[in-house]
Amino acid sequence: MRVVLQRVREAAVAVDGDTVGAIGHGFLVLAGFAPDDGDDALRWMADKIYGLRLFPDDEQKMNRSVTDVGGSLLVVSQFTLYGDARKGRRPSFVGAADPATAERLFETFVALLRDRGLSVATGVFGAAMQVSLINDGPVTLVLER
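## Focus: the packing of helix H1 (residues 39-51) against helix H2 (residues 99-115)
- Packing of H1 against H2 leaves a shortest axis separation of 9 Å and a crossing angle of 40 degrees. Regarding the angle of H1 to H2, the classification is oblique. Both H1 and H2 take part in a crossing whose hand is right-handed. In this structure, H1 contributes Asp39, Leu42, Arg43, Met45, Ala46 and Ile49 to the contact, and H2 contributes Leu105, Thr108, Phe109, Leu112 and Leu113.
- Its residues placed into classes, the contact of H1 with H2 shows 8 nonpolar, 1 polar and 2 charged.

## Focus on the packing of aromatic side chains
- Tallied over the entire structure, the rule returns 4 aromatic pairs.
- Considering the side-chain rings of Phe27 and Phe55, the 5.1 Å spacing of their centres and the 35 degrees angle between planes classify their relative orientation as tilted. Residue Phe27 is located in strand S3 (residues 26-32), and its partner Phe55 is located in strand S4 (residues 53-56); the two are separated by 28 residues in the primary sequence.
- Classification of Phe55 by relative accessible area gives buried; the value is 3%.
- The lysine or arginine in question, Arg2, covers the ring of Tyr82, its NZ or CZ lying 4.2 Å from the ring centre.

Reading guide: rules and limits
Residues numbered from 1 in each chain as written. Predicted model: local features only at pLDDT ≥ 70, side-chain atom pairs only at ≥ 80, totals over all residues. Heavy atoms only, no water. Axes fitted to C-alpha atoms, helices over the stretch in contact; angles between N-to-C directions. Helix = DSSP H or I, 4+ residues; strand = E, 2+ residues; numbered from the N terminus. Parallel < 35°, antiparallel > 145°, perpendicular 65-115°, else oblique. Left-handed = near helix turned anticlockwise from the far one by under 90°. Contact = heavy atoms within 4.5 Å. Nonpolar A, V, L, I, M, F, W, Y, C, P; charged D, E, K, R; others polar. Phe/Tyr/Trp six-rings, centres within 6.5 Å; stacked < 30°, edge-to-face > 60°. Buried < 20%, exposed > 50% of the residue type's maximum accessible area, 1.4 Å probe, protein only. Lys NZ or Arg CZ within 6 Å of the ring centre and 35° of its normal.

Geometry only, nothing functional implied.
This is how it looks when you write it as structure tokens:
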């Protein structure tokens, strides 16, 4: 499982010009899944995101979690995180889970985040989406399990 996590002031995702998910401050989570990802990887990633301290405290040190600041998550499935562009000019996506597997993993991952009490908005799995954001910091991490 591979995630690009961005601390945002706001983020939204649209499909065909209609906003399908939006948050204020929190994390934009772009999530990609590999064929062999299982529940352990999903739980680990949900716990990691839940506990990461990437928001500033009163001394401007990154010492608060998304729950500490009352933030939300916008989670968008992105198989292109498994794109391999080492050879040629067009990336290969053979490292990404097939759509049916990835959709199941995505739904389970979102449910795990919600089970932790997080407010989670999502995109539409498999749709062509337009994601907009105001990155805060900027703060961006790549997480992998």
